[in-house]
Structures are given as structure tokens and as C-alpha cells.
Amino acid sequence: MTDYIILRKKNPRVFELPEFYETGFFFNEAVHLSQQRNGVYHLLAALNQHTQQAEARCAFFVSSDEAVSPGAAPFGSVEFAESLPDIVLDEFLQALQDTVRTVDASTLRLVNYPNCYAPKQAQRLTNKLIEHGFRILTTDQNFFLPITGSDWESQIEPAERRRLRKCREAGFTFAHWQTPDLDVVIHFLQETRSLKGYPLTINPDQLRALLANFPNQFSVFVVRDGSRLAALTVSVRVRHDILYNFMPTYHPRYQTFSPMVMLTHGLFGYCQQQAIRLLDLGVSLDASRTPKPSLARFKKNLGAQESPKLVFEKSL
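Bear in mind that the values here come from a model prediction, so they are computed numbers and not experimental data.

1. Considerations on the overall build of the protein
Within the protein one finds 8 helices and 14 strands. Relative to a compact globule of 316 residues, whose C-alpha radius of gyration would be 20 Å, the protein shows 21 Å and is just as compact. A burial count over the protein gives 50% of its 316 residues as buried. Pairs at least 24 apart in sequence give 75% of the contacts found in the protein among residues at least 6 apart. Roughly 14200 Å² of accessible area belongs to the protein as shown, and the carbon and sulfur atoms make up 48% of that amount. Distance from the positive charge centre (34 side chains) to the negative charge centre (32 side chains) of the protein: 6 Å.

Okay, here's the thing in C-alpha cells:
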């Protein structure tokens, strides 16, 4: 461990944090961590003393007697360099557990990023966490589209191509809404999800703040029928090469058109233009967070591949 030291900080200011070894996941950056829950969190980092860069990091939040990473994001957990030595990763995980014990938390839960984001690190972390006594609490299947130079339309099922053609023939258009009206966006999300029996999974005021404060990471894409919205999604640029289709929805009046196909087609093209290598379509769960086979089947029809998304837990 002479080449590395473990840093432990509570509510660090941005200038106190060492530079991460690469452009990391946005949900683990200080600017996002500071607005999760009440903004009170603990951060651990493994600092390479030669480069003065962090090669591992994890932030956790405490509520009652439970420590969880993240506080309010799709994932948190331990993000680390592929080249990080095993002995350092072991030391880091032990320090993480020891730190949780000092804040009187009896349980530590880690919500991992989908394996497809960083396959080698995800598998290695799974093995290490199990060695350290963690159990896999939940396993969801995440769906994603690898972004290639080929035509996405040729890769999807014929039924979905017909739906895309139907949208085009009806004059629907796809667009990146670069200066969205946040009132319209939030109202459309609330209305359409309510009509389909799904609650908005994020507080409207928090969503408004994310869209307003992080325009380079949170973007809105739409499919319009003339001036009327048919479908919309809020996406997140999780990293320079990953786009997460965070909050897609469409109005039930357009169900026979299936405008989500046109929306996905547009997102795929946007990713090609922006040199994004992976489009994350998320998990396929219903309102009670149980698997929804019809949604999974739809994503597979769009050419999506599956990748595990794991949640680990350990009683301390």
C-alpha cells in the first residue's frame, strides 16, 4: 500500500477532492453527490501517490442505521481503475466497511452500475464484494444498444420498422430540444405517466433543478406531431461515451404509432454524431418494480442487449 493511501472525507468541497484518474461517471461526481438526499455524504478515495489521482472512489449516505451508495441516483457503488492492484481494492473495501461502522450504520448497500458500462471492473468488483461477505440483494437485467457505424433501422425487428415508417408517414419529427420549457417537460411526464399508472420516480422540483443546473448532462429529446408532443425523454450523459435514456414516455393517444421507436432511432443517431459508444435503455420494470416482460421484449425488438445490474448488501 506504499504507493496508495485511502482518503476519507465527509461533505468534501470540490477543491478538496483529488482528480479522478479518468472522466468518471457523473453520478459519482461531487456536483451531483452534493444534491443527492440532503447533500450530507461520506467519500472514500484510493489516491495514487505518484500521480496524485484517485484510482478508486465511493460515496455513501446514511439514513437511520443504513448506509447506501448512492443517495438519489440510478447507481453509485465503487468506481475504480482497471489497473488498480488487487491489494489496494481489498484495502479500499475494508476501509469502506470500517468507515460505515464509525457512523453507527448496521447495513451497507451498494447499487452497482450496469455491467456493460465497465465489464471487467464490474465482474471483478462482484467477486471481491462476495469475498468480503456481501450478498447480492437484487439482480435486474439492464438493456443497452452498442453504438456502431451501421444503420440502426436495419438491426430492428420488421414490426418495429413498420412502426417507424408509420410515424414518418404521419409527419412525426424527432428533435433534440436544446432549450426546453421545463414546465412543459414536467407536465408531460406527470400527465403521461399518470395515465399509464406509473408515478414520477423523481420529485418534480428535483428534476427541474437537474435540468436547469446540468444542461450539459441532462438533455431532452422529443417526437412531435406537428406542434404537439407525442413522446419525450430526459437523457443523462453519464460519461462522455455513455448516454442513459433516463425518463422516456409517450402520450397514450399515440399508442398505435409507437413513437418510442422513432425516439430511440433519433437517440441512436445522436449517439453516432456525438461519439457515444453505448445507449443505456435501462431496466424493464413495472410500477411495483417487478420485471415487465412486454417492455423487455420491446427493447429486444429494438436490438438491445442485456447486462446485469446488481445491488449488494452486507450487515455490519
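2. Side note on the pattern of salt bridges
Tallying each qualifying case throughout the model produces 18 salt bridges. Across the pair Glu79 and Arg57 runs a salt bridge, and its minimum N-O distance is 3.1 Å. On the criterion of sequence distance, the pair formed by Glu79 in strand β6 (residues 79-80) and Arg57 in strand β4 (residues 53-63) is long-range, its members being 22 residues apart. The pair Glu79 / Arg57 is uniform in exposure class, with both members buried. Taking the shortest distance from any N to any O, the salt bridge between Arg135 and Glu313 comes out at 3.2 Å. With Arg135 in strand β8 (residues 135-146) and Glu313 in strand β14 (residues 305-315), the pair connects residues that are 178 residues apart, well separated along the chain. One connected set of salt bridges, linked through shared partners, spans Asp86, Asp90, Arg124, Lys128 and Glu131.

3. Quick word on the nonpolar core
In this structure, Tyr117 and Val234 are the most contacted members of the largest nonpolar core, which totals 62 residues. At 7 residues, helix α2 (residues 86-102) tops the list of elements feeding residues into this core. Val234 has contacts with Val185, Leu189, Leu207, Leu211, Phe218, Ser219, Val220, Tyr244, Asn245, Phe246 and Met247, leaving out every residue within four places of it along the chain. In terms of nonpolar packing, the next biggest core, distinct from the first, is built from 29 residues, Phe143, Phe221, Ala231 and Val261 among them.

4. Overview of the packing of helix α5 (residues 182-195) against helix α6 (residues 204-213)
Two numbers describe how α5 lies on α6: the axes approach to 11 Å, and their chain directions differ by 135°. In terms of orientation, α5 and α6 fall into the oblique class. At the point where α5 passes α6, the crossing takes the right-handed sense. Here Leu182, Asp183, Val185, Ile186, Leu189 and Gln190 of α5 lie close against α6, whose contacting residues are Pro204, Leu207, Arg208, Leu211 and Ala212. The residue inventory of the contact of α5 with α6, partitioned by class, reads 8 nonpolar, 1 polar and 2 charged.

Calculation criteria
- Residues numbered from 1 in each chain as written.
- Predicted model: local features only at pLDDT ≥ 70, side-chain atom pairs only at ≥ 80, totals over all residues.
- Heavy atoms only, no water.
- Helix = DSSP H or I, 4+ residues; strand = E, 2+ residues; numbered from the N terminus.
- Rg over C-alpha atoms; globule rule 2.2 N^0.38 Å.
- Buried < 20%, exposed > 50% of the residue type's maximum accessible area, 1.4 Å probe, protein only.
- Contact = heavy atoms within 4.5 Å.
- Areas by Shrake-Rupley, 256 points an atom, 1.4 Å probe, with all protein chains shown as cover.
- Lys, Arg positive; Asp, Glu negative; His and termini not counted.
- Charge placed at Lys NZ, Arg CZ, Asp CG, Glu CD.
- Salt bridge = Lys/Arg side-chain N within 4 Å of Asp/Glu carboxyl O.
- Core = buried A, V, L, I, M, F, W, Y, C linked by side-chain atoms within 4.5 Å.
- Axes fitted to C-alpha atoms, helices over the stretch in contact; angles between N-to-C directions.
- Parallel < 35°, antiparallel > 145°, perpendicular 65-115°, else oblique.
- Left-handed = near helix turned anticlockwise from the far one by under 90°.
- Nonpolar A, V, L, I, M, F, W, Y, C, P; charged D, E, K, R; others polar.

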